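Okay, here's what each chain looks like letter by letter:
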Amino acid sequence: MALQIVGSGVVGLLVGIVLAFPPGPVSLATLRTSLQYGVRAGISVAVGAALLDVVYCLLALLATGVILKLLGFVGEHPLLSLAVQLCCVAVLLGYGAVQVWRKREESPAPSSSPLAMKLLAQRFRHRRGLALGMGMALVNLANPAFLPSLLYLGVLVHQFQWVQPGQMMTVVAFAGGFGMGNLLWLSVLSYGMHHFRRRLSGESLERLTRLMGLALIGAGTLLGIRVLMATKWHELARLLPVF
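For the structure given in this document, a descriptive report is provided here. Every value quoted in this text rests on a predicted model; they were computed, and no experiment measured them.

**Some thoughts on the overall build of the protein**
A tally of helices and strands in the protein yields 11 helices and zero strands. For the protein, the succession of helices and strands along the chain, N to C, is α-α-α-α-α-α-α-α-α-α-α. Residues counted as buried form 44% of the 243 residues belonging to the protein. Taking as baseline every contact in the protein between residues at least 6 positions apart, the subset at least 24 positions apart corresponds to 87%.

**Side note on the packing of helix α3 (residues 39–62) against helix α9 (residues 168–197)**
When two helices pack together, their arrangement is given by the angle between their axes and by how far apart the axes lie. At their nearest, the axes of α3 and α9 sit 8 Å apart, and the two run at 155 degrees to each other. Classified by the angle their axes make, α3 and α9 are roughly antiparallel. Crossing of α3 against α9: the hand is right-handed. Within the contact of α3 with α9, the residues separate by chemical class into 19 nonpolar, seven polar and one charged.

**Concerning the packing of aromatic side chains**
The geometry of an aromatic ring pair is captured by the separation of the ring centres together with the interplanar angle, meaning the angle of the planes. All chains considered together, the criterion is met by three aromatic pairs. Aromatic side chains Phe-160 and Trp-162 sit 5.3 Å apart centroid to centroid with 15 degrees between the ring planes, which places their arrangement in the stacked category. Residue class for Trp-162 comes out partly exposed when judged on its relative accessible area of 28%. Ring centres of Trp-162 and Phe-174 lie 6.4 Å apart, and the angle between their planes is 15 degrees; on these two criteria the pair is classed as stacked. Within this pair, whereas Trp-162 is found in the loop between α8 (146–159) and α9, its partner Phe-174 is found in helix α9, the two being separated by 12 residues in sequence. Judged by its relative accessible area of 0%, Phe-174 is buried. The structure contains a cluster of three or more aromatic residues connected by ring pairs, namely Phe-160, Trp-162 and Phe-174.

**Quick look at the nonpolar core**
Formed by 34 residues in total, the largest nonpolar core has its most connected members in Val-26, Tyr-95, Met-136, Leu-150, Leu-186, Met-193 and Met-212. Breaking this core down by element, the ones donating at least two residues are α2 (25–37), α3, α5 (78–101), α7 (126–138), α8, α9 and α10 (202–230). Top element by residues in this core is α3. It accounts for seven residues. Once residues lying within four places of it in the same chain are set aside, the contact partners of Leu-186 are Val-26, Ser-27, Thr-30, Ala-46 and Ala-49. One finds Val-15, Leu-61, Val-171 and Phe-178 within the second-largest nonpolar core, a separate group that totals 10 residues.

**Points about unusual backbone geometry**
Its identity is not glycine, yet Gln-161 carries a phi of approximately 55 degrees, on the positive side. For Gln-161, a relative accessible area of 55% translates into the label exposed.

**Some details on α8**
Relative to the 20 Å expected for 14 residues at 1.5 Å per residue, α8 spans 20 Å between its end C-alpha atoms, a close match to the ideal helical length. Inspection of α8 places Phe-146, Leu-147, Leu-150, Leu-151, Leu-153, Gly-154 and Val-157 among the buried residues, and these make up the whole buried set. For α8, the angular spread of buried residues about the axis comes to 155 degrees, placing them on one side. Those residues of α8 that are exposed and aimed more than 90 degrees away from the buried face are Tyr-152 and Gln-159. Downstream of α8 by one or two residues, Gln-161 has phi in the positive range, about 55 degrees.

**Section: the environment of Leu-211**
By the secondary structure assignment, Leu-211 is in helix α10. Note on Leu-211: relative accessible area 51%, which makes it exposed.

**Some remarks on a nonpolar patch on the surface**
Judged by side-chain polarity, Val-6, Val-10 and Leu-14 come together as a nonpolar surface patch covering roughly 260 Å² of accessible area. Structurally, the position occupied by Val-10 is in helix α1 (residues 2–20). Judged by relative accessible area, which is 42%, Val-10 ranks as partly exposed.

**A short note on the packing of α2 against α3**
Viewed as axis vectors pointing N to C, α2 and α3 meet at an angle of 160 degrees, and their least axial separation amounts to 6 Å. Classified by the angle their axes make, α2 and α3 are roughly antiparallel. Classified by chirality, the crossing of α3 by α2 is right-handed. In this structure, α2 contributes Val-26, Ala-29, Thr-30, Thr-33, Ser-34 and Tyr-37 to the contact, and α3 contributes Val-39, Ala-41, Gly-42, Val-45, Ala-46 and Ala-49. Across the contact of α2 with α3, the residue classes break down as eight nonpolar, four polar and no charged.

Criteria and thresholds
Residues numbered from 1 in each chain as written. Predicted model: local features only at pLDDT ≥ 70, side-chain atom pairs only at ≥ 80, totals over all residues. Heavy atoms only, no water. Helix = DSSP H or I, 4+ residues; strand = E, 2+ residues; numbered from the N terminus. Buried < 20%, exposed > 50% of the residue type's maximum accessible area, 1.4 Å probe, protein only. Contact = heavy atoms within 4.5 Å. Axes fitted to C-alpha atoms, helices over the stretch in contact; angles between N-to-C directions. Parallel < 35°, antiparallel > 145°, perpendicular 65-115°, else oblique. Left-handed = near helix turned anticlockwise from the far one by under 90°. Nonpolar A, V, L, I, M, F, W, Y, C, P; charged D, E, K, R; others polar. Phe/Tyr/Trp six-rings, centres within 6.5 Å; stacked < 30°, edge-to-face > 60°. Core = buried A, V, L, I, M, F, W, Y, C linked by side-chain atoms within 4.5 Å. Expected span 1.5 Å × (residues − 1). Arc of directions from axis to C-beta. Patch = residues over 30% accessible without salt bridge, like charges linked within 9 Å, V, L, I, M, F, W, Y side chains within 5 Å. Areas by Shrake-Rupley, 256 points an atom, 1.4 Å probe, with all protein chains shown as cover. Salt bridge = Lys/Arg side-chain N within 4 Å of Asp/Glu carboxyl O.

Following this line, the structure appears as structure tokens:
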């Protein structure tokens, strides 16, 4: 039993790392936060995202019916679903725009000094990082392919018997490992950005922060295009009043 639990956790860890590789809103937000406030702040964003990934994974493994109901709800209420998706896109675009056009903050000491890093870490509250990570993970709901991919993940896990039927602890271990894999990869990105940050001047840091903001705007734009392309406009047209 214990060996099966450990095995499920290890497989979940590997799957989480692999699925965390592709760049997206969460990884961009982690890099941007690490660049501006240091590695601990970046990891707090990663923890927030990883917690929600555990919830997503548990839904995929235990609540397939819930996902199917959500997919059915999306099909039955296309206008409401489109509004929620566009709100998620707007949040991502707005967050990126804030990073691009925000006023430059004067650093009290050189950006690479321990004093500056301590002051920056104090300025950034970890609860804020958790909320940011969860918010960026929620933005995934705007992706039309996200819910079907969750459903497919649950099917694959049960098909390859990465969790044991009737053994709840193997499911929890897989979901926990999945979240840890995501957290591990994002932590690597955060540490890498932190060490890269120390080599940059204040002006270079400011430019790179704005570049991260532009990348977030780009990700939001692509996501918005996917949402618009996946929308069944002919069904929405039927809901409009006929004059």
